Amino acid sequence: MAINHILFDLDGTLADTAPDLVAALNFVLFRNGRPTVSLKDARCWAGAGSARLIEHGFSISPTSRQFPILREQLLDYYDQHVCESSYLFPGIEQLLSRLESVGYSWGVVTNKPTRFTSPLLEALGLSERADVVVCGDTLPTNKPDPEPVLHACRLNSRNTSSTALIGDDQRDIIAGRNAGTTTVAVTWGYASP
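Everything numeric in this text was worked out from a predicted model, so none of it was measured.

### Section: the nonpolar core
Link 1 in the chain: Judged by nonpolar contacts, the single largest core of 42 residues is most densely connected at Leu14 and Trp106.
Link 2 in the chain: If you list the elements that add at least two residues to this core, you get strand E1 (5–8), helix H1 (18–31), helix H3 (49–58), helix H4 (67–80), helix H5 (92–101), strand E4 (105–109), helix H6 (114–123) and strand E6 (163–167).
Link 3 in the chain: Top contributing element to this core by residue count: H1, with seven residues.
Link 4 in the chain: Filtering out sequence-adjacent residues up to four positions away, tryptophan 106 remains in contact with Ile6, Phe8, Leu14, Leu96, Glu100, Leu126, Arg129, Ala130, Asp131 and Val132.

So this is what it looks like as structure tokens:
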């Protein structure tokens, strides 16, 4: 069956959100008397979300007593600055316009919570364009579990065999393959090659 339904990961695939995520980490580092990090050094942490940012930025374990406090500080800051420096990767706007012009439906399957996904998509001009959005808190499970991908297909009344999942992380590829979709790995995201 031909592909006519495209699902995108968000952070590191559709949009470069690392600048705002690393800015949130740097706010928390500075607030707690720690040296800040460069975007270049911390960019690869952004794809795994706030937990990875805190873990690497502070060199602490998620089991540390400080961890949830620092993570909440980061999330509170990010909530107020979700799309100040984030942008669509080069070529994404043209790709989405092309998909829409030929009648393909497309959507987003992200592990990012709705609290951040909705305002980010709105600021990027995508919220009215995406046919389906499945966030990290839509279901009890996240990628690499295939259920968010399957759920997006059900919501859009599409078969997994006519769906492609595009992402920058191994979690995306595992989720797509286990859901029965075609998978496409991008090289411009946050995951290591």
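### Some points on the packing of aromatic side chains
By convention here, two paired aromatic rings are described through the distance between centres and the angle between planes.
Link 1 in the chain: With the rule as written, the count across this model stands at five aromatic pairs.
Link 2 in the chain: Considering the side-chain rings of phenylalanine 8 and tryptophan 106, the 6.1 Å spacing of their centres and the 80° angle between planes classify their relative orientation as edge-to-face. Here the residue phenylalanine 8 occupies a position in strand E1, and tryptophan 106 occupies one in strand E4, the gap between them amounting to 98 residues.
Link 3 in the chain: For phenylalanine 8, a relative accessible area of 1% translates into the label buried.

### What to know about the environment of proline 35
Link 1 in the chain: Tracing the chain through its elements places proline 35 in the loop between H1 and helix H2 (39–42).
Link 2 in the chain: A sequence separation of 117 residues divides proline 35 from alanine 152, and the C-alpha atoms of the two residues are 41 Å apart.

### Quick look at the sheet that holds E6
Link 1 in the chain: Within the open sheet, the five strands sit side by side as E5-E4-E1-E6-E7. Their pairing is parallel. Each end of this open sheet is capped by a strand with a single partner; those strands are strand E5 (132–134) and strand E7 (182–185). Across the sheet, the mean angle separating the axes of adjacent strands is 20° when strand polarity is ignored.
Link 2 in the chain: The sheet contact formed by E1 and E4 spans four bridges and is parallel. Directly across from phenylalanine 8, in E4, lies its bridge partner valine 108.
Link 3 in the chain: Strands in contact with H5 are E1 and E4; relative to E1, the strand with the most contacts, it is inclined by about 155°.
Link 4 in the chain: Of the strands in this sheet, E6 and E7 touch helix H8 (residues 170–179), which is tilted by about 170° from E7.

### As for the pairing of E1
Link 1 in the chain: Side chains His5 and Leu7 project from E1 onto one buried face, and the interleaved Ile6 and Phe8 project onto a second face that is buried too.
Link 2 in the chain: Bridge analysis of E1 against E6 gives four bridges, and the strand direction is parallel. Residue pairing in the sheet places phenylalanine 8 in a bridge with isoleucine 166 of E6.

### Focus: unusual backbone geometry
For residues other than glycine, phi is negative in most cases, and the peptide bonds are mostly trans.
Link 1 in the chain: For the bond running from lysine 143 to proline 144, omega is 25°, close enough to zero to count as cis.
Link 2 in the chain: Residue placement: proline 144 occurs in the loop between E5 and helix H7 (147–155).
Link 3 in the chain: A positive phi angle, close to 50°, is found at serine 59, a residue other than glycine.
Link 4 in the chain: Here serine 59 is to be found in the loop between H3 and H4.

### Quick word on the pattern of salt bridges
Link 1 in the chain: The tally for this structure, following the rule as stated, stands at ten salt bridges.
Link 2 in the chain: Salt-bridge contacts for lysine 112 lead to aspartate 11; the nearest nitrogen and oxygen are separated by 3.1 Å. Placement of lysine 112 in the loop between E4 and H6 and of aspartate 11 in the loop between E1 and strand E2 (15–16) is noted, with a sequence separation of 101 residues between them.
Link 3 in the chain: Here glutamate 147 makes a salt bridge to arginine 154, at a shortest N to O gap of 2.2 Å.
Link 4 in the chain: When salt bridges with common partners are traced through the structure, they connect Asp9, Lys143 and Asp172 into a single cluster.

About the thresholds
- Residues numbered from 1 in each chain as written.
- Predicted model: local features only at pLDDT ≥ 70, side-chain atom pairs only at ≥ 80, totals over all residues.
- Heavy atoms only, no water.
- Core = buried A, V, L, I, M, F, W, Y, C linked by side-chain atoms within 4.5 Å.
- Buried < 20%, exposed > 50% of the residue type's maximum accessible area, 1.4 Å probe, protein only.
- Helix = DSSP H or I, 4+ residues; strand = E, 2+ residues; numbered from the N terminus.
- Contact = heavy atoms within 4.5 Å.
- Phe/Tyr/Trp six-rings, centres within 6.5 Å; stacked < 30°, edge-to-face > 60°.
- Pairing = 2+ DSSP bridges.
- Axes fitted to C-alpha atoms, helices over the stretch in contact; angles between N-to-C directions.
- Salt bridge = Lys/Arg side-chain N within 4 Å of Asp/Glu carboxyl O.

Everything listed here is a matter of coordinates, which is why it stays silent on function.
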